[in-house]
Amino acid sequence: ILNVEQSPQSLHVQEGDSTNFTCSFPSSNFYALHWYRWETAKSPEALFVMTLNGDEKKKGRISATLNTKEGYSYLYIKGSQPEDSATYLCAFISNTGKLIFGQGTTLQVKP
Amino acid sequence: GAGVSQSPSNKVTEKGKDVELRCDPISGHTALYWYRQSLGQGLEFLIYFQGNSAPDKSGLPSDRFSAERTGGSVSTLTIQRTQQEDSAVYLCASSLDWGGSTDTQYFGPGTRLTVL
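Procedures and definitions
- Sequence order as written defines the numbering, with residues in each chain counted from 1.
- Going through the entries in the order they are written, you letter the chains from A and number the ligands from 1.
- A pLDDT threshold of at least 70 governs which residues receive local features in this predicted model, and a stricter bar of 80 or more applies before side-chain atom pairs are shown or counted, although totals over entire chains, interfaces and linings include all residues.
- As a rule here, side-chain values cover all heavy atoms of the structure and leave hydrogens and water aside.
- Each pair of aromatic rings taken from Phe, Tyr and Trp, with Trp reduced to its six-membered ring, is defined by centres within 6.5 Å and is described as stacked if the planes are under 30 degrees apart, edge-to-face if over 60, and tilted in the remaining cases.
- A run of H or I in DSSP counts as a helix once it spans at least four residues, and a run of E counts as a strand once it spans at least two, with each numbered from the N terminus.
- For every residue, the accessible area (1.4 Å probe, protein chains only) is compared with the maximum for its type, and the residue is labelled buried under 20%, exposed over 50%, or partly exposed between those bounds.
- In what follows, residue pairs with any heavy atoms lying within 4.5 Å of each other are defined as contacts.
- Buried area is calculated as the accessible area (1.4 Å probe) missing from two parts once they are joined, with the contributions of both summed.
- Should a side-chain nitrogen of Lys or Arg be within 4 Å of a carboxyl oxygen of Asp or Glu, the pair is scored as a salt bridge.
- Whenever a nitrogen or oxygen atom comes within 3.5 Å of another N or O atom, the pair is scored as a polar contact, on the condition that within protein one atom can donate a hydrogen and the other can accept it, and that pairs from neighbouring residues in sequence are kept only if both atoms are in side chains.
- Three categories are distinguished: nonpolar for Ala, Val, Leu, Ile, Met, Phe, Trp, Tyr, Cys and Pro, charged for Asp, Glu, Lys and Arg, and polar for the others, with Gly belonging to the last.
- In this description, a nonpolar core means a group of buried Ala, Val, Leu, Ile, Met, Phe, Trp, Tyr and Cys residues linked to one another through side-chain atoms lying within 4.5 Å.

Student: I'm lost on the packing of aromatic side chains in this one. Help?
Tutor: Scanning the model with the defined rule gives 14 aromatic pairs over all chains in all. Measuring from centroid to centroid gives 5.8 Å for A:Phe25 and A:Phe92, while their planes differ by 20 degrees, and the two rings are stacked. Here A:Phe25, found in the loop between strand 3 (19-24) and strand 4 (30-38), pairs with A:Phe92, found in strand 9 (residues 86-94); they are 67 residues apart in sequence, far enough to count as distant. The exposure classification of A:Phe25 matches that of A:Phe92, with both residues buried. On the numbers, 5.2 Å between centres and 85 degrees between planes, the contact of A:Phe101 with B:Tyr35 is edge-to-face. In this pair, A:Phe101 sits in strand 10 (residues 99-101) while B:Tyr35 sits in strand 4 (residues 31-37), so the two residues belong to two different chains. Since its relative accessible area comes to 7%, A:Phe101 is described here as buried. Through pairs of rings, three or more aromatic residues link up here, namely A:Tyr36, A:Phe101, B:Tyr33, B:Tyr35, B:Phe45, B:Tyr48 and B:Phe107.

Here is the structure:
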C-alpha cells in the first residue's frame, strides 16, 4: 500500500517566523513529487514539481528539497507572512502511474 | 487564457438521484484529472485521462462512479444513485501531458456536491 504522510498536520506561527514541514513517501517506484498550496475557497496552486534526488527548488520565500533515497521532501518558508496561510499538499507519483496526495499541512500565520 | 472550468459550482441533490459533473480543461491539455475532498479529509485522486482514455480507474470509489472524456477535451464525472457519503468537493485539473507527471496540474474551482 502506497502511503504519503505529511507532518505536522497543522502549524501556527507568528509573522516573520521561518518554518518547515515534511512530506514522506515510498522510496521505491518514485517518479515525481509535486507541492501545492491550497488557500481556503480557492483551487490548489502548483508550487514545485520535483523529480531528481537532491533537487532544490525555490520560489520567492518558499523552497523545497527532495531526497528520493530516503523518501522525504521538505518545504521551507522563510519569514512567513499572513498571506502564506494555506494548506500545503504534496503529491507522490509512482513510475507505475499512481498519484497519491498527502493529507496536507495547514499553516496559519498570525500578524 | 482561460483556466480549467467546472460546472455546476454547487449541486444539492437527494439521496438516490444521479448527478453529472462537468470539467472543461485548458485548451491543448491532453491530461485531465478528477479528485475529491470530503469534509475533514485530504485530496483523493479518482481518475485521470490521457486523451480520451483512462488507463487506471481503480481510484473510483465504487461502481456508481464513472467518468468519460470525449474529443480529448470536456470530461464528465457521473455518480449514480448518490449517497450521503458522496458529499464532497470534486476538483478537476489538467496538464499539458501525463508525461511522467512532470507537468504542472492546473486546477478548476471545484463542484461542491451535497447529498441530502
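Student: Would you mind showing me how to read the interface of chain B and chain A here?
Tutor: Contact with chain B, which involves 21 residues of that partner, is made by 17 residues of chain A. Between chain B and chain A lies a buried interface of about 1600 Å² when both sides are counted; carbon and sulfur atoms form 63% of it. If you look at where chain B meets chain A, you find 0 salt bridges. Where chain B packs against chain A, one counts 1 residue pair in polar contact (both at pLDDT 80 or more). Elements supplying a minimum of two residues to the side of chain B that touches chain A: strand 4 and strand 5 (43-50) of chain B. Tallied by class, the residues present in the side of chain B that touches chain A amount to 9 nonpolar, 10 polar and 2 charged.

Student: Can you help me understand the nonpolar core in this one?
Tutor: Nonpolar side chains in soluble globular proteins tend to end up buried together. In this structure, A:Phe25, A:Leu33, A:Trp35, A:Phe48, A:Leu75 and A:Tyr88 are the most contacted members of the largest nonpolar core, which totals 23 residues. In this structure, A:Phe25 is in contact with A:Asn3, A:Val4, A:Phe30, A:Leu33, A:Leu66, A:Asn67, A:Thr68, A:Gly71, A:Tyr72, A:Ser73 and A:Phe92, ignoring residues within four places of it in sequence. In this structure, B:Val19, B:Cys23, B:Cys92 and B:Leu113 belong to the second largest nonpolar core, which totals 21 residues.

Student: What exactly am I supposed to notice about the pattern of salt bridges here?
Tutor: Between side chains of opposite charge, a pair can form as their charged atoms come close. Residues and elements named next belong to chain B. For the structure shown, the criterion picks out 7 salt bridges over all chains. In this structure, Glu14 and Lys17 form a salt bridge, with 3.7 Å as the shortest nitrogen-oxygen distance. Between Arg22 and Asp24 there is a salt bridge; the shortest N-O distance is 2.9 Å. Using a relative accessible area of 23% as the deciding quantity, one classes Asp24 as partly exposed.

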